[in-house]
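# Structural features, examined
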Amino acid sequence: MATPKTSSPTVAHHSAQDAYKVTALVLQGGGALGAYQAGVYQALDEAGVHPNWIAGISIGALNAAIIAGNAPEHRVERLTEFWETICKSAFWPNRPAIPWPENMTWPQMFRDGMNAMAAWRALTEGQSGFFQPRMPPPILQWHGTPATTSWYDTTPLRETLERLADFDRINHPKCVRVSVGAVNVRTGNFAYFDNRVGQLRPEHFMASGALPPGFPAVEIDGEYYWDGGMVSNTPLYKVLSERPHRDSLIFQVDLWSACGALPRDMGTVAERVKDIQYSSRTRLVTEYMHNTREQQQLLHELMALVPEEKRKESAYRRAERYSNGALTNLVHLIYRDKPYEGHYKDYEFSAATMHEHWQSGLTDMRHTLTQPHWLDPPTRENPFVTHDVHRVLNCD
């Protein structure tokens, strides 16, 4: 399924990456749209850019498990297998592909209907290796538990993760750092599970993607967790607020755009609600962190002017905790909706649409990597820079 690799300036990208202590891949949640992230990763792999930290939420966490759970030379292959697995019906054979000339465009009404049918099949049949309708359904359960009170059973997902991801590799101290976010159902508090703090198991990744009421809460060490996207659908803040501060190159891959057209019917109202809810205002977080870093950098420079004999005083020690001389380069990619997509785009798992999402991510990341100097480290005068191949000037 993956597009054949093409030649790229890997030497230049390697050199740029080497200037940073951290190269992070930050993956937002978004269900079926997550194939876009797989395409982004393929382009990074082509260019020889290998993250040493992957942070994900929901489908971003599942992509993180597949990437971190395999050797670099097998990651694109395993991502392909993962997406081709979960984009099949759980019970019935997929319909055969309809022959269609490559140089022709699907009629809008026909494509709308095919996408709606694929979403309906996901709701009624589930997806192979991912989820299946719970039997009996929750409304017929007399004594449900947090792990069974949902419309779907995600047991197939555990089997898929165990088959396609090596958890010994994920938890190896010298391999990629992994952080995935979830919400404690009992307390409502957000939590990150991190392989630098404890051992990650399939349930940590499943918890990050356990969006209710479709998917059940996942038990971890006596507590139950739901999808992290209920509180924050992007783990960007986790990476930006990490201490000790280190020079970082961050690829932030979002699946929902905060910007969009005004809705004209109830279907587009539902779509915009999801876009706004799950976009998590990534640019707002970015702007906040940009301003914070500038202030931290200024404090760092001012502290260098303090005489050595004054540096043992408590005021200096307190200020030291807030200063930050690290440089941050944030490369932002956002999936752009297609005209035929509706409010069901996050659970429309047809193979045809998955291929298009993947190709979009591949194209966007390839284009990003061709931009001159985008991976170069920032300067001390401007310690936090952002790049966005899709930036819209009039969009907040």
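Owing to the predicted nature of the structure, the values given are computational and were not obtained by experimental measurement.

## Section: the overall build of the chain
On a plain count of helices and strands, the chain comes out with 13 helices and eleven strands. Of all 396 residues assigned to the chain, the portion counted as buried reaches 50%. In the chain, the share of contacts with a sequence separation of at least 24, taken over all contacts with a separation of at least 6, comes to 77%. Carbon together with sulfur atoms contributes 58% to the accessible area of the chain, which is approximately 19100 Å² in total.

## Here's the deal with the layout of surface pockets
The volume enclosed by the second largest pocket comes to roughly 690 Å³. As for the second largest pocket, its lining consists of 31 residues, of which L211, G214, F215, D346 and Y347 are closest to the centre. Elements that contribute at least two residues to the lining of the second largest pocket include exactly α3 (59-68), α5 (108-125) and α10 (266-279). Looking at side-chain class alone, the lining of the second largest pocket contains 19 nonpolar, nine polar and three charged residues.

## Brief notes about unusual backbone geometry
P136 follows M135 through a cis peptide bond whose omega is -5 degrees. Mapped onto the elements of the fold, P136 is located in the loop between β3 (132-133) and β4 (152-153). Cis peptide bonds are those with omega within 30 degrees of zero, and the linkage from R243 to P244 qualifies with 0 degrees. Following the sequence through the fold, P244 ends up in the loop between α9 (236-240) and β9 (248-254). One non-glycine residue with positive phi stands out, namely D221, at about 50 degrees. Along the chain, the position of D221 falls in the loop between β7 (218-220) and β8 (223-227).

## Notes on the UniProt feature "short sequence motif: GXGXXG" (unreviewed entry) in the chain
Per the UniProt record, "short sequence motif: GXGXXG" (unreviewed entry) is found at residues 29-34. Note that residues 29-34 is 0% helix and 0% strand, and that its end C-alpha atoms are spaced 7 Å apart.

## Re a nonpolar patch on the surface
Nonpolar side chains collect at one region of the surface, where I139, L140 and W151 lie side by side and expose about 350 Å² of accessible area between them. Along the polypeptide, W151 turns up in the loop between β3 and β4.

## Some points on the pairing of strand β2 (residues 53-57)
In terms of burial, β2 is a largely internal element, five of the five residues being buried. Where burial is concerned, the two faces of β2 agree: the one with W53, A55 and I57 and the one with I54 and G56 are both buried. Pairing of strand β1 (residues 22-27) with β2, which is carried by four bridges, proceeds in the parallel orientation. Directly across from V26, in β2, lies its bridge partner A55. Where β2 meets strand β5 (residues 177-184), five bridges bridge the pair, whose relative direction is parallel. Bridging across to β5, I57 finds its partner in G181.

## Brief notes about the packing of helix α11 (residues 282-303) against helix α12 (residues 314-322)
Axes are the key here: two packed helices are described by the angle between their axes and the distance separating the axes. Running from N to C, α11 and α12 point in directions that differ by 145 degrees, and their axes come no closer than 9 Å. α11 and α12 meet at a crossing whose hand is left-handed. In this structure, α11 uses Q296, L299 and M303 to contact α12, whose residues at the interface are Y316, A319, E320 and Y322. For the contact of α11 with α12, a count of residues per class yields five nonpolar, one polar and one charged.

Conventions used here
- Residues numbered from 1 in each chain as written.
- Predicted model: local features only at pLDDT ≥ 70, side-chain atom pairs only at ≥ 80, totals over all residues.
- Heavy atoms only, no water.
- Helix = DSSP H or I, 4+ residues; strand = E, 2+ residues; numbered from the N terminus.
- Buried < 20%, exposed > 50% of the residue type's maximum accessible area, 1.4 Å probe, protein only.
- Contact = heavy atoms within 4.5 Å.
- Areas by Shrake-Rupley, 256 points an atom, 1.4 Å probe, with all protein chains shown as cover.
- 1 Å grid on protein atoms, 1.4 Å probe; cavity = no way out; pocket = protein on both sides within 12 Å on 5 of 7 lines; lining within 4 Å.
- Points joined across faces, edges and corners; volume = space filled by probe spheres on them.
- Nonpolar A, V, L, I, M, F, W, Y, C, P; charged D, E, K, R; others polar.
- UniProt positions renumbered as here; feature names shortened; annotations may be inferred.
- Patch = residues over 30% accessible without salt bridge, like charges linked within 9 Å, V, L, I, M, F, W, Y side chains within 5 Å.
- Salt bridge = Lys/Arg side-chain N within 4 Å of Asp/Glu carboxyl O.
- Pairing = 2+ DSSP bridges.
- Axes fitted to C-alpha atoms, helices over the stretch in contact; angles between N-to-C directions.
- Left-handed = near helix turned anticlockwise from the far one by under 90°.

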